Amino acid sequence: MKKNILIVPGDGIGQEVTAVGKKVLDKIAEKYGHEFTYDEALIGHAAIEATGNPLPDESLEKMKKSDAVLFGAVGHPKYDNDPSAKVRPEQGLLKMRKELGLYANLRPIKLFDELLGASSIKPEILKGADILFFRELTGDIYFGEKGRKDNGDTAFDIAQYSRFEVERIARKAFEAAMTRGKKLCSVDKANVIETSRLWREVVQQVAKEYPEVTVEHQFVDATAMLLIKDPKRFDVVVTANLFGDILTDEASQIAGSMGMLASASIGDGTGVYEPIHGSAHDITGKGVANPMASVLSAALLLDISFGLKQESEDVINAVDQVLKAGFRTGDIADSSTPKDKILGTDAIGEEILKRL
Ligand code: IPM
Ligand code: MN
C-alpha cells in the first residue's frame, strides 16, 4: 500500500513523542512491504514563531492533500498566563478540526492489564474496563460566537448544535456500538441546557435505527461520578465537545496515565491521529515523555484511515509486550518498578521497535 503521511509534531513534547510514532509507522511499512512517504507541517506555537499564524495555509493545504495526519500537541505556557493574547497556539488546532471537518473524535479508554497498579483507582474496580468515547469535535461552545460586552466586563460564549451535527456523531457512535458490546451511553445536561435537549431528542431518534443497541442517557455530572465509581458499566459513550473534553481527561486515569491515550479525529476528509495529552512544557526536552499515546495513535491511523487491521494490532501488541517485559516511562511507573526498567522516550521507543 502506498500512502502519504503528514507529521505535525506541534509544540513541547509533541516533537518528542511524534518522532517515535513516525518510527513505528516506518517499521510497519518495512515489515509489511508498504510504501509510506512523509512530509512535515507546522502548527501551534511553533507555527506562530515561524510565521505569526498558528495554522499557516501551507500546513492546511498539506493536511488536505495527505492520506492521514500524525499530530503531536499544541500549547505554550506563555499564553496560559496571558488571557489577553489574541493569537494562541490552540487556535491552530481548532481551525484544523473545523477546516478538515473532523467532527468525530474517538478516544478509546483501553486499560493494559500490566498498568492496573498505575491508576489511582482500585484495581478491582478497573479490571476489564474498556470504553470508547465519541466526542463531537467541531461544534458546541468551542465554535459558537464569543465576545465581550459592557466595556469588557461581561463575556459570553454561545453553545450551539444543529440537528445534523448531532445526528452524524450519534450515527458514528451507534455504528461503533454495533461492533462492540451494543451498549451506548449518551451524555448531556438536558435538565438545564437547550442544546442538550436537542441532543437527547436526536439521539433518541437515531436510536430507532439501531434497535439492537441498548441506549441510556446520563447527565454529565452523574457521568463524571459513574466513571470513577464503576467504569465497567460503560461501552460506547457519545457526548458534546466540551463535556467530551472534560470526561476523557478524567477517563484517562482509568488507563493509568494521559500518556497512554490515543485518539482519532475523523470526518469528511483526512483523519488526524493524536495523543490526548498536551504539550507538557514542564517535561519538554528532558526526554522522559511517554511516547505510547503517539504510538497507539499511529495504530489507530493504520486501522481507521488505511484499513490495516493486522498492522494496527501488531503495534498495540508491541506496546503490550514492552509493558509485560516490565518497562515503564516515569508516568506509569510505581514504587515496585525497578529503577533500570524506567526508560526515557527514545529508549522505550526502541523497545517497541524491537518487538515489531
Ligand atoms: C484536547 C485539548 C484541546 C481541546 C485544547 C488544546 C484546545 O484539550 O484535544 O482535548 O480542548 O479540545
Ligand atoms: Mn482536552
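Residue numbers here run from 1 along each chain, matching the order of that chain's written sequence. By the order in which they are written, chains take letters starting at A while ligands take numbers starting at 1. A pLDDT threshold of at least 70 governs which residues receive local features in this predicted model, and a stricter bar of 80 or more applies before side-chain atom pairs are shown or counted, although totals over entire chains, interfaces and linings include all residues. Side-chain numbers here rest on the full set of heavy atoms in the structure, without hydrogens or water.

Q: Can you walk me through the site of ligand 1 in this structure?
A: The near set for a molecule or strand comprises every residue that places at least one heavy atom within 4 Å of it. Close contacts around ligand 1 come from Glu90, Leu93, Arg97, Arg107, Arg135, Tyr142 and Asp245, and that covers them all. Nitrogen and oxygen atoms within 3.5 Å of one another constitute a polar contact, given that in protein one can donate a hydrogen and the other can accept it, and given that sequence-neighbouring residues count only through two side-chain atoms. Contact between ligand 1 and Arg135: an oxygen atom at 2.8 Å from a side-chain N or O atom of the residue. Taking Tyr142, its side chain carries an N or O atom lying 2.5 Å from an oxygen atom of ligand 1. Computed with a 1.4 Å probe, the accessible areas rest on the Shrake-Rupley method; for each residue, only the protein chains presented here act as cover. Protein burial of ligand 1: of its 320 Å² of free accessible surface, 76% is covered by the chains. Cavity means a closed set of points on a 1 Å grid over the protein atoms alone, one where a 1.4 Å probe fits but cannot get out, pocket means an open set with protein on both sides within 12 Å along at least 5 of 7 lines, and lining means a residue has an atom within 4 Å of a point. Think of it this way: a molecule belongs to a cavity or pocket when more than half its atoms come within 2 Å of the grid points there. Most atoms of ligand 1, that is more than half of them, are within 2 Å of grid points of the second largest pocket.

Q: Sorry, what's going on with the pairing of strand S6 (residues 146–149) here?
A: Across four bridges, the pairing between S6 and strand S7 (residues 154–157) is antiparallel. When the bridges of S7 are listed, Gly147 appears paired with Phe156. Counted between consecutive antiparallel strands, the loop separating S6 from S7 contains four residues, among which Asp150 sits at a positive phi close to 50°. A pair of strands is treated as paired once DSSP finds two or more bridges between them. Working definition: helices are DSSP H or I runs of at least four residues, strands are E runs of at least two. Numbering for both runs from the N terminus.

Q: Even after reading the chapter, I still don't get the layout of surface pockets, so can you show me in this structure?
A: If a probe the size of a water molecule is rolled over the atoms, the empty space left behind becomes visible. Grid points are joined across faces, edges and corners, and a volume is the space filled by probe spheres set on the points. For the largest pocket, the calculated volume is near 670 Å³. Looking at the largest pocket, it is lined by 22 residues, and the ones nearest its centre are Pro108, Lys110, Leu300, Asp303 and Ile316. Those elements that place two or more of their residues in the lining of the largest pocket are strand S4 (104–110), strand S5 (130–136), helix H7 (163–179), helix H11 (292–305) and helix H12 (309–324). Lys, Arg, Asp and Glu make up the charged group, whereas Ala, Val, Leu, Ile, Met, Phe, Trp, Tyr, Cys and Pro make up the nonpolar group; the residues left over, Gly among them, are polar. Class assignment of the residues belonging to the lining of the largest pocket gives a composition of 14 nonpolar, two polar and six charged. Counting contributing residues, the lining of the largest pocket receives three or more from each of domain 1 (1–103 + 267–356) and domain 2 (113–256). There is about 480 Å³ of room inside the second largest pocket. Residue lining of the second largest pocket: 26 residues in total, with Val74, Glu90, Leu93, Ile276 and Gly278 positioned closest to the centre. Breaking the lining of the second largest pocket down by element, the ones donating at least two residues are strand S3 (68–73), helix H4 (77–80), helix H5 (89–99), helix H10 (241–251) and strand S12 (271–275). Each residue belonging to the lining of the second largest pocket can be placed in one class, and the counts come to 11 nonpolar, seven polar and eight charged. Residue assignment places the lining of the second largest pocket across two domains, with domain 1 (1–103 + 267–356) and domain 2 (113–256) each supplying three or more. Each domain's extent was defined by an automatic or database domain assignment.

Q: Where do I start with the packing of H12 against helix H13 (residues 345–355) in this structure?
A: Angle between the axes and distance between the axes: these two values describe a pair of packed helices. Here, axes are lines fitted to C-alpha atoms. For helices the fit covers the stretch in contact, and angles between N-to-C directions go from 0 to 180 degrees. At a closest axis distance of 8 Å, the pairing of H12 and H13 adopts a crossing angle of 120°. In this view, H12 runs oblique relative to H13, as classed from their interaxial angle. For the pair H12 and H13, the sense of crossing is right-handed. The residues of H13 that touch H12, namely those facing Ala318, Val319, Gln321 and Val322, are Ile348, Glu351, Ile352 and Arg355. Tallied by class, the residues present in the contact of H12 with H13 amount to five nonpolar, one polar and two charged. Reported orientations rely on four angle classes, namely roughly parallel under 35 degrees, roughly antiparallel over 145, roughly perpendicular from 65 to 115, and oblique for the rest. Helix crossings are classified by the rotation of the near helix relative to the far one: an anticlockwise turn of less than a right angle makes the crossing left-handed, while a clockwise turn makes it right-handed. In this analysis, two residues are considered to be in contact whenever any of their non-hydrogen atoms come within 4.5 Å of each other.

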